[in-house]
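Observations on the three-dimensional arrangement
What follows is each chain in one-letter form.
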Amino acid sequence: RGGSAPSARYDRHWPRMWVMTLLSGLATLLGLLLLLLPGLMLMVRFHFAACFIVEEKCSSTAALRRSYDLSKGRFWQMSALVLLAVALLRVPAFGLGVLWAFIPEEWDLWQMDALFAWVMELPVLYAAAATYAYWDSLRKFTPRSAEAE
């Protein structure tokens, strides 16, 4: 396939990412339907699955299992990371939504779209970088045998 190196790298992983997202989403939804806490717990425990797919080339189910195992004993730390990532994504969106209500009608929508895209990209990049850095530090300092316990 053609394309740049990052694009080609992503192209190899997208089918596994899609299956992993589908499986984790269904498991989280089922947990949320049963009770709220199991769904939130699964969402947090599956948070690092994408990192395993890209960096260790795991299958979708192996990545979910590895993420689940790596999160044992770290639920509250990981919950704080997920909460921070969600807050970084939602607070700017809420602020822009309030701002949208006060936009003069003579403005073209492209101006607001450009502002929204610019403001939303920064927290997405930060959340992805923070997730990867935390995952990488856990992976380096956690022996594989400890992950399986």
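Residues numbered from 1 in each chain as written. Predicted model: local features only at pLDDT ≥ 70, side-chain atom pairs only at ≥ 80, totals over all residues. Heavy atoms only, no water.

Right, let's get into the overall build of the protein. Helices and strands together make up the secondary structure of the protein, namely 7 helices and 0 strands. With 149 residues in all, the protein has 32% of them scored as buried. Summarising the internal contacts of the protein: among those between residues at least 6 apart in sequence, 64% fall at separations of at least 24. Total accessible area on the protein stands at roughly 9,800 Å², and carbon and sulfur atoms take up 71% of it. (Helix = DSSP H or I, 4+ residues; strand = E, 2+ residues; numbered from the N terminus. Buried < 20%, exposed > 50% of the residue type's maximum accessible area, 1.4 Å probe, protein only. Contact = heavy atoms within 4.5 Å. Areas by Shrake-Rupley, 256 points an atom, 1.4 Å probe, with all protein chains shown as cover.)

Scanning all chains against the criterion turns up 2 salt bridges. The partner of Glu 56 in a salt bridge is Arg 66, with the nearest N and O atoms 2.5 Å apart. Here Glu 56, found in helix H3 (residues 49-56), pairs with Arg 66, found in helix H4 (residues 60-70); they are 10 residues apart in sequence, far enough to count as distant. Owing to a relative accessible area of 13%, Arg 66 belongs among the buried residues under this scheme. Close ionic contact of Asp 69 with Lys 72 constitutes a salt bridge, the shortest N to O distance being 3.7 Å. Here Asp 69 falls in the buried class, since its relative accessible area comes to 16%. (Salt bridge = Lys/Arg side-chain N within 4 Å of Asp/Glu carboxyl O.)

The next thing to look at is H4. Working note: α-helix, 3.6 residues per turn, so residues spaced by three or four point in the same direction. Counting buried residues in H4 gives 8 out of 11 residues, a clear majority hidden from the surface. Of all the residues in H4, the buried ones are Ser 60, Ala 62, Ala 63, Leu 64, Arg 66, Ser 67, Asp 69 and Leu 70.

Here we come to the packing of H3 against helix H6 (residues 109-141). Close contact between H3 and H6 brings their axes to 10 Å; oriented N to C, the two are set at 70 degrees. Classed by the angle they form, the pair H3 and H6 counts as roughly perpendicular. From H3, Cys 51, Phe 52, Glu 55 and Glu 56 reach across to H6, where they touch Thr 131, Tyr 132, Trp 135 and Arg 139. (Axes fitted to C-alpha atoms, helices over the stretch in contact; angles between N-to-C directions. Parallel < 35°, antiparallel > 145°, perpendicular 65-115°, else oblique.)

Running from N to C, helix H5 (residues 75-101) and H6 point in directions that differ by 175 degrees, and their axes come no closer than 10 Å. In terms of their interaxial angle, H5 and H6 are classed as roughly antiparallel. When its residues are assigned to classes, the contact of H5 with H6 shows 23 nonpolar, 2 polar and 1 charged. (Nonpolar A, V, L, I, M, F, W, Y, C, P; charged D, E, K, R; others polar.)

To continue, consider the confidence of the model for the protein. Residues with a pLDDT of 70 or more make up 86% of the protein, whose mean pLDDT is 78. The secondary structure element of the protein with the lowest average pLDDT is helix H7 (residues 144-148), at 50, and the one with the highest is H4, at 92. (pLDDT = per-residue confidence, 0-100.)

In this model, H5 (27 residues) spans 38 Å end to end at C-alpha, consistent with the 39 Å of a helix rising 1.5 Å per residue. For H5, every residue scored as buried is listed here: Met 78, Ser 79, Leu 81, Val 82, Ala 85, Pro 92 and Leu 96. Buried-residue contacts for H5 involve helix H2 (36-45) and H6. (Expected span 1.5 Å × (residues − 1).)

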